[in-house]
Amino acid sequence: MVNWTSAFVGFILAVVLSNLLGFFFGLIGINIGLFSAGIVVGLMVGGGILRGFGNGLVAGAFGAIVITIILIIGRTITAGLKGFAATALTGIFLIIAVFISSGFVVSVGGAI
């Protein structure tokens, strides 16, 4: 069962920590921020490796969806209907890529 409070807190922490550490340390900082957020999610949930992994994965997936929505809104504002169409098409692939990359890092942190 997913603990939505910890998944939402993990999502917020993942966004804040990955942006903050990514600004100073680049790609490694982003991954460290995501991993740290996953550890916090795992500690909040408790109950074993699978619960931490699952809740971390939900937090990472929620982040991928929110980032895609923000990009679609931003491109629609700046480029109109053409920007919406282009971003909506690439948004599907972006969700998959971000889900695999950040979702995996957050879920491994949650499992630990």
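All of these numbers come straight from a predicted model, not from anything done at the bench.

*Asks:* Can you walk me through the overall build of the protein chain in this structure?
*Replies:* Helices and strands together make up the secondary structure of the protein chain, namely three helices and zero strands. Helices and strands in the protein chain line up, N terminus first, as α-α-α. Against the globule reference of 13 Å for 112 residues, the protein chain gives a C-alpha radius of gyration of 15 Å, in line with a compact fold. Across its three principal directions, the C-alpha atoms of the protein chain cover 45 × 35 × 20 Å. Burial analysis of the protein chain (112 residues in total) assigns 32% to the buried set. The contacts in the protein chain between residues at least 6 apart in sequence include a share of 68% that link residues at least 24 apart. As displayed, the protein chain has an accessible area near 6,700 Å², and 83% of this comes from carbon and sulfur atoms.

*Asks:* Any chance you could explain the side chain of Asn55 here in plain terms?
*Replies:* For Asn55, the position within the fold is in helix α3 (residues 49-111). By relative accessible area, Asn55 is classed as buried at 1%. Within the local environment of Asn55, its side chain forms a polar contact with the backbone nitrogen of Asn3, the two atoms lying 2.9 Å apart.

*Asks:* Sorry, what's going on with helix α1 (residues 4-25) here?
*Replies:* A turn of α-helix holds 3.6 residues, and therefore any two residues three or four places apart point the same way. In this model α1 runs 30 Å from its N-terminal to its C-terminal C-alpha over 22 residues, within 8% of the 32 Å that 1.5 Å per residue would give. Of the residues making up α1, those classed as buried are Ser6, Ala7, Gly10, Phe11, Ala14, Ser18 and Gly22. Buried positions in α1, seen along its axis, are confined to an arc of 140 degrees and lie on one side of it. Exposed residues lying more than 90 degrees from the buried face of α1 are Thr5, Asn19, Phe23 and Phe24. Next to the buried residues of α1 lie α2 (27-45) and α3. One or two positions beyond α1, positive phi appears at Gly26, with a value near 75 degrees.

Thresholds applied
- Each chain has its residues counted from 1, following the order in which its sequence is written.
- Owing to the predicted nature of the model, reporting of local features is limited to residues with pLDDT of at least 70; listing and counting of side-chain atom pairs is limited to 80 or more, with chain, interface and lining totals taken over all residues.
- Only hydrogens and water are set aside when side-chain values are computed; all heavy atoms of the structure are taken into account.
- Secondary structure follows DSSP: runs of H or I at least 4 residues long count as helices, runs of E at least 2 residues long count as strands, and numbering of each begins at the N terminus.
- Two things to know: the radius of gyration comes from C-alpha atoms, and the globule rule equals 2.2 Å times the number of residues to the power 0.38.
- The classification of residues rests on relative accessible area computed with a 1.4 Å probe and restricted to protein chains. Under 20% of the type maximum is buried, over 50% is exposed, and intermediate values are partly exposed.
- Any pair of residues with heavy atoms lying within 4.5 Å of one another is described as a contacting pair.
- A 1.4 Å probe and the Shrake-Rupley method give the accessible areas. Residues count as covered only by the protein chains that appear here.
- Two N or O atoms form a polar contact when they lie within 3.5 Å of each other; inside protein one atom must be a possible hydrogen donor and the other a possible acceptor, and for residues adjacent in sequence the pair counts only when both atoms belong to side chains.
- A helix's residues, less one, multiplied by 1.5 Å, set its expected span.
- Think of the arc as the fan of directions from the helix axis to the C-beta atoms.

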